[in-house]
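Structural description and commentary
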Amino acid sequence: MTTPPPATEPAATPPPPTKDDGEQSRHRPFGEILRKAIQDNTVTVIVLALFSATVLGGLLVAFTNTTVLHAWGNFFSAPGNAIAKAWAVAAATYVALFEGSIFNPHTVSALFQQASIAAAIHDGYLSAVFNPLSETAVQATPLILAGLAVALPYQAGMFNIGGQSQFIGGAIVSAWLGYGVSLPFFVHVVVCVLGGFVGGAALGGLAGEIKARTGAHEVIVTIMLNYVMVYFLAYLLSSHSLMQAPGGANAITLPIASNAHLPLLAGTHLRINAGFLIALACAFGVWWLLNRTTTGFEFRSIGANASASRVAGMNVERNWALVMAIGGGLSGLAAATVILGTDFTLNPQSFGTYGIDAITVALLGLGRPGGVVLAGLLFGALHAGSPGMQTTTGTPVQIVQVLAALIVLFVAAPPLVRSIYRLRAARAGGVGTTMSKGWNA
């Protein structure tokens, strides 16, 4: 009887080749890189990033000053004088920035020198004390709203960089309603604000609907819409039969009717208006939507894993369109606060850089409503204090843009901050695992 040969085990299938980390990072989508940066951030990293940017900004201010450079030319003969000059210039710049955005002791001293409180209020001395905070709030208002327009879609895994087009859409509708429609005061303001939301939501919803129906990436769609709306606005402002003010050649609309102006909150001497309250209310509304509603849960679930959410019965495509529409509406509200609160007209420069600044604010705020408010106030303070800084110290206002860029640089590179300050890497169960993946990662 022949013994059968022993069975042999099949040869193990070799594992597929894997890419090294460097190759993976080179082929990683931009959205995933930015998402990883946000997830790796902690409060400690954010604080150290702000500190590092402040130090580098001070060095840049000091060593672009001719007096400091001359003193450092004689460093070996008078090192103390060179260091003192550099410190004095950097400190004076930041002091002027603080006085122009937060608190100026000279205005307080002038207030107490008045004969009475009534005279101080009448002559504007009391308003001068609160003017820096008022300007910070005014500058922060559109930044908070535009930042929320980026932060909310992020929670659903989408990267909204169409803030510029959505801002323009909201500005067109709110401006037209502001000068082209006659309504009572309160009704007119409400209609114009809602019009701004609708104008922005139409652009955001369009990008979301295109993604939902065709799979086109929202980054490409929103970039193209930015160009479309810039040229569309230029077209509208080029003809008297459209939106250009009659009787002139400038690309500008008629002034917004006084009935459509956002109400001032602290008298005629201060520019802070109801737009700031709208921004805070929207931040609370976004937090409530994300954490207290079924829709918000679906947004966060889709951002964490769209495939699993679809298996669980969620309509992923509908939520993509909805979250982009809400985000676009928030950017449209930012435009409404600018057109109805401070500019009172629409021109080709009205949209500024809010679409790009929104990404910065959302990044610094870690994609969370509370963080976006704080980041918006920070950048609002930088913008509010820069004119006084230039007047007092001669430092150009562009240094504020450099400082903002340095903040973003450090915030977007948590490993760099941890390496500089020798911090431990984020634990697997930390911030990164509790936030949405985002941007189709």
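Here's a quick rundown of the structure.

About the thresholds
- Residues numbered from 1 in each chain as written.
- Predicted model: local features only at pLDDT ≥ 70, side-chain atom pairs only at ≥ 80, totals over all residues.
- Heavy atoms only, no water.
- Salt bridge = Lys/Arg side-chain N within 4 Å of Asp/Glu carboxyl O.
- Helix = DSSP H or I, 4+ residues; strand = E, 2+ residues; numbered from the N terminus.
- Buried < 20%, exposed > 50% of the residue type's maximum accessible area, 1.4 Å probe, protein only.
- Axes fitted to C-alpha atoms, helices over the stretch in contact; angles between N-to-C directions.
- Parallel < 35°, antiparallel > 145°, perpendicular 65-115°, else oblique.
- Contact = heavy atoms within 4.5 Å.
- Nonpolar A, V, L, I, M, F, W, Y, C, P; charged D, E, K, R; others polar.
- Left-handed = near helix turned anticlockwise from the far one by under 90°.
- Expected span 1.5 Å × (residues − 1).

Take the pattern of salt bridges next. Any two side chains of opposite charge can pair, given that their charged atoms come close. What the rule picks out here adds up to five salt bridges. A salt bridge links Glu135 to Arg271; its shortest N-O distance comes to 2.8 Å. Placement of the pair is Glu135 in helix α8 (residues 125-155) and Arg271 in the loop between α11 (218-236) and α12 (274-292), with a sequence separation of 136 residues. As a salt-bridge pair, Arg310 and Glu317 come within 2.9 Å of each other at their nearest N and O atoms. Residue classification places Arg310 among the partly exposed residues on the basis of a relative accessible area of 39%. Residue Glu317 is classed as partly exposed on the basis of its relative accessible area of 27%.

The subject of this paragraph is the packing of helix α3 (residues 43-62) against helix α19 (residues 414-421). At their nearest, the axes of α3 and α19 sit 10 Å apart, and the two run at 80° to each other. With respect to α19, the axis of α3 lies roughly perpendicular. Of the residues in α19, those in contact with Val45, Leu48, Ala49, Phe51 and Ser52 of α3 are Pro414, Val417, Arg418 and Tyr421. Partitioning the contact of α3 with α19 into residue classes produces seven nonpolar, one polar and one charged.

Turning our attention to the packing of α8 against α12. α12 packs onto α8 with a crossing angle of 20° between their chain directions and a minimal axis gap of 8 Å. Considered as vectors, α8 and α12 are oriented roughly parallel to each other. Crossing geometry of α8 relative to α12 is assigned as left-handed. On the side of α8, the interface is formed by Ala137, Thr141, Ile144, Leu145, Leu148, Leu152 and Gln155, while α12 contributes Gly275, Phe276, Ile278, Ala279, Cys282, Ala283, Val286, Leu289 and Leu290. Classifying every residue of the contact of α8 with α12 by side-chain character gives 13 nonpolar, three polar and no charged.

For the rest of this paragraph, the subject is helix α15 (residues 316-343). Under the 1.5 Å per step criterion, the end-to-end length of α15 is 39 Å for 28 residues, consistent within 8% with the ideal 40 Å. The buried fraction of α15 is high, at 22 of 28 residues. Where α15 ends, the next residue or the one after it, Phe344, has phi of about 60°, a positive value.

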